[in-house]
Each structure stands twice: as structure tokens, then as C-alpha cells.
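# Descriptive analysis of the structure
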Amino acid sequence: MSTLVETLQPRFVGLAPRQSGDHPAVRCPAELVLPLLQCLRDEFGYSLLMDVTAVDWEEDTPRFSVFYHLFCVSDARYIRVAIDCPDDEEPSVPSVVSLFPAADWHERETFDMFGIRFEGHPDLRRILMWDEYPYFPLRKEFPLAGIETELPDEEVSEETRAKVLSAPMMGGPFVSKSGAPMSRAEPRAKDQSWTEWDRKPTKEIE
């Protein structure tokens with residue numbers, strides 16, 4: 001356990017070290033994320049928010065965790081803060097935009113891809129998909145081959161009679177061999193029915 005985590009634990013009850021292969025990492029109760037990040041910024045120099053992202057643990061509970069990566073510019077130190085979303089069905093955590101304005105787009109992207117709401121965000125709209133898009137593409141139940149969806153503009157959709165094609169992961173789902181040389185550990189398509197050389201079968205538009 002790092003000295004920093006040992007220093008923080010008495011001040012933030014419930015804070016726990018998190019196993020990490022690179023940088024110090026802590027697991028923080030959701031209600032303490034704002035005071036913890038403010039402390040890390042103001043007292044320990046972690047003034048740069050590098051990233052906000054999430055993990056869908058699928059069948060585990062809590063299902064969703066949000067991760068913050070902070071960087072100390074003066075002496076190049078990182079720390080990772082993880083918080084679990086208390087509700088698996090309607091996941092939400094506090095927004096940290098008031099502390100780190102850079103979190104604005106990161107939280108919107110995480111909301112867009114995982115459906116995790118950031119309470120207190122000043123403008124929590126989808127950023128990659130359109131507002132009415134019904135899915136969250138980075139949730140585990142979202143198929144790698146995508147889902148064919150109507151275009152967001154009804155007028156354009158009616159005129160062109162086209163749909164959004166579902167092909168974000170050509171050749172998927174992928175599998176990797178562990179322990180093999182990197183040249184043989186590259187992801188290989190389990191489903192070889194369509195590849196770079198064979199066109200993906202498409203439905204005829206009537």
C-alpha cells in the first residue's frame with residue numbers, strides 16, 4: 001500500500017487501497033469522491049484530470065465502477081480513484097465538473113457509452129450518439145457486431161429508406177491467446193463469416 005493511501009485513509013472513512021500494477025489506486029465511496037478529489041488536487045498537487053471512464057462488470061454487483069485518473073504535473077505522479085455505482089439498474093455518481101472542468105466531456109462520453117448519470121453535471125447530453133439513441137454501446141450486453149438502428153432524422157430516413165448499419169467491429173467477436181508471442185496473440189475473429197476480404201452480408205432494402 002502506498003504512503004499516500006495510508007495518509008488518506010484516516011481522513012476518508014471507507015477509502016481502501018485497490019490492487020494496481022502501475023500507479024497508486026484507491027476505491028472510494030461515491031459520497032466521498034468530491035472531497036477526496038478536492039483534497040488530492042489542493043493538498044497533493046494532482047491538478048490534472050487525465051481521464052474519466054467506467055467498467056461494466058456485467059453480472060457482478062455493483063455492476064458499474066467509474067474511474068478517475070489524476071496526474072501531478074510538478075513531479076509526474078499518477079493516482080487512480082475508483083468508485084462503485086450504488087444502483088445497478090439506474091447507475092449514477094456525483095459529477096466532478098465543479099472541481100475539474102475537464103471532466104465535462106469525459107463524463108458525457110461515459111454517460112453516452114455506459115448510461116451512467118453524473119449528478120450535478122451542467123449539461124449531461126449524449127456526445128457521440130444522438131439523444132434518442134436507445135442503447136449504450138460499451139455495456140456488456142451490447143453486441144460487438146452492433147445493432148441496426150433507424151436514422152435519427154425521420155424525414156431523411158423516410159426519403160433515403162436507409163438505416164444505420166451495424167458494423168463497428170468487423171469480424172468479431174474476438175478472442176486472444178494468452179501466453180503466446182505477440183504475433184500469435186493478436187485478436188482473431190471467432191466468426192469468420194465476413195472479413196476484410198469477404199463483404200459483410202447485408203439485408204436488401206425494399
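No experiment lies behind these values; they were computed from the predicted model shown.

### Overview of the overall build of the protein chain
A tally of helices and strands in the protein chain yields five helices and eleven strands. Residues counted as buried form 34% of the 206 residues belonging to the protein chain. Summarising the internal contacts of the protein chain: among those between residues at least 6 apart in sequence, 45% fall at separations of at least 24. On the protein chain, roughly 12,800 Å² of surface is accessible, and the fraction owed to carbon and sulfur atoms is 52%.

### Some words on helix α3 (residues 103-114)
With twelve residues, α3 extends 16 Å between its outermost C-alpha atoms, agreeing within 8% with the 16 Å of an ideal straight helix rising 1.5 Å per residue. Residues Ala103, Glu107, Arg108, Thr110, Phe111, Asp112, Met113 and Phe114 constitute the buried set of α3. Residues of α3 that are buried sit in contact with β3 (48-56), β4 (64-72), β6 (92-94) and β7 (117-119). Count one or two residues on from α3 and you reach Gly115, which has phi positive near 75 degrees.

### Some points on the sheet that holds strand β2 (residues 25-27)
Strand order in this open sheet of five strands is β1-β2-β5-β4-β3, and the pairing throughout is mixed. Two strands lie at the open edges of the sheet, namely β1 (16-17) and β3, each paired on one side alone. As judged from the two bridges shared by β1 and β2, these two strands associate in the antiparallel manner. Looking across to β2, one finds that Ala16 is bridged to Arg27. Contacts from helix α2 (residues 33-44) reach β2, β4 and β5 (77-84) within the one sheet, and its direction differs from that of β5 by about 170 degrees. Strands in contact with α3 are β3 and β4; relative to β3, the strand with the most contacts, it is inclined by about 10 degrees.

### A few points about a nonpolar patch on the surface
On the surface, Leu48, Met50, Val73 and Tyr78 cluster together to form a nonpolar patch covering roughly 330 Å² of accessible area. Looking at where Tyr78 falls in the secondary structure, it is placed in strand β5.

### Quick notes on the pattern of salt bridges
For the coordinates displayed, the defined rule picks out nine salt bridges. Between Arg126 and Asp112 there is a salt bridge, and its shortest N-O distance comes to 2.5 Å. Separated by 14 residues along the polypeptide, Arg126 in the loop between β7 and β8 (149-150) and Asp112 in helix α3 bring together distant segments of the chain. Owing to a relative accessible area of 8%, Arg126 belongs among the buried residues under this scheme. Close ionic contact of Asp123 with Arg125 constitutes a salt bridge, the shortest N to O distance being 2.8 Å. A relative accessible area of 40% places Arg125 in the partly exposed class. One continuous salt-bridge network, built from bridges that share partners, spans Asp56, Arg63 and Glu141.

### Regarding α2
Since there are 3.6 residues in each turn of an α-helix, residues three or four apart along the chain are aligned in direction. An ideal rise of 1.5 Å per residue puts 16 Å on twelve residues; α2 measures up with 15 Å between its terminal C-alpha atoms. The set of residues buried in α2 consists of Val33, Leu36, Leu37, Cys39 and Leu40. Looking straight down α2, one finds that the buried residues subtend no more than 155 degrees of arc, so they occupy a single side. On its buried face, α2 is in contact with α1 (3-8), β2, β4, β5 and β6.

### What to know about the nonpolar core
One recurring pattern in soluble globular proteins is that nonpolar side chains are buried together. The biggest cluster of nonpolar side chains holds 38 residues, and the ones touching the most others in it are Leu36, Leu37, Leu40, Val66, Tyr68 and Ile116. At the level of elements, α1, α2, β3, β4, β5 and α3 are the ones that each hand at least two residues to this core. Ignoring any residue separated from it by four or fewer positions in sequence, one finds Leu36 in contact with Leu8, Phe12, Leu15, Val26, Cys28 and Val81.

### Here's the deal with a negative patch on the surface
On the surface, Asp153, Glu154, Glu155, Glu158 and Glu159 cluster together into a negatively charged patch. Along the chain, Glu159 falls in helix α4 (residues 154-160).

### Points about the confidence of the model for the protein chain
Taken as a whole, the protein chain shows an average pLDDT of 83; of its residues, 77% reach a score of 70 or greater. Predicted confidence for residues 167-174 stays below pLDDT 50, and this span has 25 contacts to residues more than four positions away or in other chains.

### Structural notes on the environment of Thr110
With respect to the element layout, Thr110 can be found in helix α3. Between the C-alpha atoms of Thr110 and Ile127, which are 17 residues apart in sequence, the distance is 9.3 Å. Setting aside chain neighbours within four positions, we find Thr110 in contact with Val52, Thr53, Ala54, Gly115, Ile116 and Phe118.

The rules behind the values
Residues numbered from 1 in each chain as written. Predicted model: local features only at pLDDT ≥ 70, side-chain atom pairs only at ≥ 80, totals over all residues. Heavy atoms only, no water. Helix = DSSP H or I, 4+ residues; strand = E, 2+ residues; numbered from the N terminus. Buried < 20%, exposed > 50% of the residue type's maximum accessible area, 1.4 Å probe, protein only. Contact = heavy atoms within 4.5 Å. Areas by Shrake-Rupley, 256 points an atom, 1.4 Å probe, with all protein chains shown as cover. Expected span 1.5 Å × (residues − 1). Pairing = 2+ DSSP bridges. Axes fitted to C-alpha atoms, helices over the stretch in contact; angles between N-to-C directions. Patch = residues over 30% accessible without salt bridge, like charges linked within 9 Å, V, L, I, M, F, W, Y side chains within 5 Å. Salt bridge = Lys/Arg side-chain N within 4 Å of Asp/Glu carboxyl O. Arc of directions from axis to C-beta. Core = buried A, V, L, I, M, F, W, Y, C linked by side-chain atoms within 4.5 Å. Lys, Arg positive; Asp, Glu negative; His and termini not counted. Charge placed at Lys NZ, Arg CZ, Asp CG, Glu CD. pLDDT = per-residue confidence, 0-100.

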